[in-house]
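Inside the fold
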Amino acid sequence: MIQLGCIADDFTGATDLANNLVRAGFRVVQCIGVPDGPLATDADAVVVALKSRTIAPADAVAQSLAALAWLRAQGAQQIYFKYCSTFDSTAQGNIGPVTEALMDALGAAFSITTPAFPDNQRTVFKGHLFVGDVLLSESGMQNHPLTPMTDANLVRVMQAQCRRKVGSLPYAVVARGADAVRAEVERLRQGGIGIAVVDALSNEDLLRLGPALKGMPLLGAGSGVAIGLGQNFVLGHSAVANALPPAQGLRAVIAGSCSLATNRQVADFVARGLPAMSIDPLRIAAGVDVAAEVLAWAAPLLQAGPLLVYSTAEPSAVKATQGALGVERAGLLVEATLARIAAGLVGLGVRQLVVAGGETSGACVQALEVRQLKIGPQIDPGVPWCHATCALAGSDGLHLSLKSGNFGTDDFFTKAFTVLP
Ligand code: ADP
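Residues numbered from 1 in each chain as written. Predicted model: local features only at pLDDT ≥ 70, side-chain atom pairs only at ≥ 80, totals over all residues. Heavy atoms only, no water.

**Some points on the site of the ligand**
If you check the shell around the ligand, you find 20 residues, and the closest are His 144, Ser 257, Ser 259, Glu 335 and Thr 360. Between the ligand and Ser 259, the relevant distance is 2.5 Å, taken from an oxygen atom to a side-chain nitrogen or oxygen of the residue. Within the backbone of Glu 359, an N or O atom sits 2.7 Å from an oxygen atom of the ligand. At a threshold of 2 Å from the grid points, most atoms of the ligand map onto the largest pocket. (Near = heavy atom within 4 Å. Polar contact = N/O pair within 3.5 Å; in protein donor to acceptor, adjacent residues only side chain to side chain. 1 Å grid on protein atoms, 1.4 Å probe; cavity = no way out; pocket = protein on both sides within 12 Å on 5 of 7 lines; lining within 4 Å. Sits in = over half its atoms within 2 Å of the grid points.)

Here it is, written out as structure tokens:
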């Protein structure tokens with residue numbers, strides 16, 4: 001029986017959470033989508049990865065409830081709804097609607113929500129989310145192609161998506177430790193608050209918060225809260241948590257994120273003189289078989305080392321493309337093309353693949369027909385290597401790293417390959 005059941009709203013977010021759970025001592029299995037049958041492997045926690053961040057709220061709710069039903073059938077005692085550490089959501093949701101639907105299904109009177117992830121410079125103070133030294137709304141996220149975040153006040157952002165009253169659980173309480181948090185939760189609950197945005201500035205805050213969350217039916221959070229949860233459960237042995245099969249095969253990177261960090265990582269890779277090809281959404285829309293062009297270019301180069309295929313672009317270029325094609329169509333065209341390229345690269349012998357971008361990773365993992373991932377060593381906070389069973393890759397499987405757009409150091413696309421044994 002599993003203990004902690006997790007629902008992630010995108011695939012990079014799911015590996016980010018699984019990575020933190022492994023580091024907190026959990027034996028973790030990550031499933032792509034809701035599995036058909038019972039879990040075959042021993043695990044303390046299961047992360048069900050959905051691609052529900054930007055779909056219609058009703059669909060996101062339905063998929064999340066299906067994941068909840070499966071996780072409860074596997075014995076999950078507590079549910080963790082994982083969203084992005086930059087609180088990526090549209091005006092309609094889906095963080096609010098999914099949180100409330102899960103609370104309704106669980107009969108939960110109260111839940112917390114916090115994207116705090118200090119290891120990745122995401123901190124929450126007085127209900128406001130900071131990315132590094134700046135507010136979320138000045139962090140570059142205001143220009144995100146699908147989920148522009150223009151307000152750093154998460155109480156306000158969450159309230160706009162929720163029927164329940166949203167409040168704040170302030171830093172002064174978190175700093176005093178678990179008993180103070182428990183008392184504040186009770187006070188908030190009696191005051192009619194259903195969901196509270198929790199302040200946290202450091203890992204110590206999250207470790208102090210952890211025990212206060214024991215027994216709360218639903219936690220809504222980025223991956224950070226996971227680091228304090230191990231102490232609430234009796235966990236199995238995690239000796240095998242980090243061991244992946246040895247890496248082999250050819251290496252490639254696919255980048256479909258336009259976030260600041262990915263822009264820097266693409267620039268770093270190109271500046272090293274390594275082979276890189278950019279794809280233009282307007283040519284895809286014009287009917288050019290861009291995937292075939294990329295695969296023909298890649299085939300003779302792969303033997304020499306890693307190469308990069310990217311749609312990553314600066315905000316002004318993204319806006320121009322979206323103006324011509326529409327936001328959704330531009331995103332879907334690029335995702336579908338990068339997914340075909342991912343499958344084609346694996347067909348050419350790639351067995352170590354880095355994918356940058358949450359939606360992009362979702363599209364690639366679906367095209368690769370990956371069903372389950374084992375979590376391996378961390379490359380950077382929030383980004384581990386994983387090993388996937390994947391029909392296209394044959395019996396050896398595939399080493400995959402799914403990188404959230406804004407995670408990782410500038411040299412991530414070359415450094416990643418030095419981490420695998
Ligand atoms: P992140 O993790 O940075 O949020 P995602 O992959 O989740 O990255 O989202 C990026 C979205 O932008 C995807 O839907 C992708 O297809 C789209 N996209 C990528 N490149 C371009 C581009 N050049 N123009 C317009 N949209 C793009």
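Let's pick the thread back up.
**What to know about the packing of helix α2 (residues 57-73) against helix α3 (residues 95-106)**
One can describe the packing of α2 onto α3 by two numbers: an axis separation of 9 Å at closest approach and a directional angle of 40°. With respect to their mutual orientation, α2 and α3 come out oblique. In the crossing of α2 with α3, the sense of the turn from one axis to the other is right-handed. On α3, the residues that touch Pro 57, Ala 60, Val 61, Ser 64, Leu 65, Leu 68 and Arg 72 of α2 are Pro 97, Val 98, Ala 101, Leu 102, Ala 105 and Leu 106. Classifying every residue of the contact of α2 with α3 by side-chain character gives eleven nonpolar, one polar and one charged. (Axes fitted to C-alpha atoms, helices over the stretch in contact; angles between N-to-C directions. Helix = DSSP H or I, 4+ residues; strand = E, 2+ residues; numbered from the N terminus. Parallel < 35°, antiparallel > 145°, perpendicular 65-115°, else oblique. Left-handed = near helix turned anticlockwise from the far one by under 90°. Contact = heavy atoms within 4.5 Å. Nonpolar A, V, L, I, M, F, W, Y, C, P; charged D, E, K, R; others polar.)

**So, α3**
Over its twelve residues, α3 extends 16 Å from the first C-alpha to the last, a length consistent with the 16 Å expected when each residue adds 1.5 Å. Counting buried positions over the twelve residues of α3 gives ten, a clear majority of the element. Restricting attention to buried positions, one finds in α3 the residues Ile 95, Gly 96, Pro 97, Val 98, Thr 99, Glu 100, Ala 101, Leu 102, Met 103 and Leu 106. Two residues or fewer past α3, Gly 107 is found with a positive phi of approximately 65°. (Expected span 1.5 Å × (residues − 1). Buried < 20%, exposed > 50% of the residue type's maximum accessible area, 1.4 Å probe, protein only.)

**Section: the environment of Leu 400**
Of note, Leu 400 is situated in strand β18 (residues 398-403). According to the relative accessible area criterion, Leu 400 is buried, its value standing at 1%. Remark: the alpha-carbon pair of Leu 400 and Ile 375, spanning 25 residues in sequence, is separated by 9.7 Å. For Leu 400, the contacting residues outside a window of four places in its chain are Leu 353, Val 355, Val 365, Leu 368, Val 370, Leu 373, Pro 384, Trp 385, Cys 386 and Ala 388.

**Observations concerning the sheet that holds strand β7 (residues 128-131)**
Strands in a sheet are paired, the pairing made by backbone hydrogen bonds, and the direction either parallel or antiparallel. One open sheet accounts for three strands, arranged β6-β7-β8; its pairing is antiparallel. A strand with exactly one partner marks an edge of an open sheet, and here the two such strands are β6 (122-125) and β8 (134-135). Two elements, β7 and β8, share two bridges in a ladder whose sense is antiparallel. Bridge pairing in β8 links Val 131 to Val 134. (Pairing = 2+ DSSP bridges.)

**Some points on the domain arrangement of the chain**
Considered domain by domain, the chain is made up of domain 1 (4-232) and domain 2 (250-418). Domain 1 puts 30 residues into the contact, and the matching count from domain 2 is 34 residues. Note on domain 1 versus domain 2: buried area summed over both sides is about 2500 Å², and carbon and sulfur give 56% of it. Ranking the residues of domain 1 by area buried against domain 2 places Thr 12, Ile 32 and Lys 51 at the top, with a combined share of 24%. Counting every contact that joins domain 1 to domain 2 gives two salt bridges. Residue Lys 51 pairs with Glu 335 through a salt bridge whose shortest N-O separation is 3.1 Å. The interface formed by domain 1 and domain 2 includes nine residue pairs in polar contact (both at pLDDT 80 or more). Elements that contribute at least two residues to the side of domain 1 that touches domain 2 include exactly α1 (11-23) and β2 (28-32). (Domains from an automatic or database assignment. Buried area = accessible area lost by both parts, 1.4 Å probe. Salt bridge = Lys/Arg side-chain N within 4 Å of Asp/Glu carboxyl O.)

**Topic: the environment of Glu 204**
Tracing the chain through its elements places Glu 204 in helix α7 (residues 203-209). On the basis of relative accessibility, which here comes to 49%, the residue Glu 204 falls in the partly exposed class. Sequence-wise, Glu 204 and Ala 336 are 132 residues apart; in three dimensions their C-alpha atoms are separated by 41 Å.

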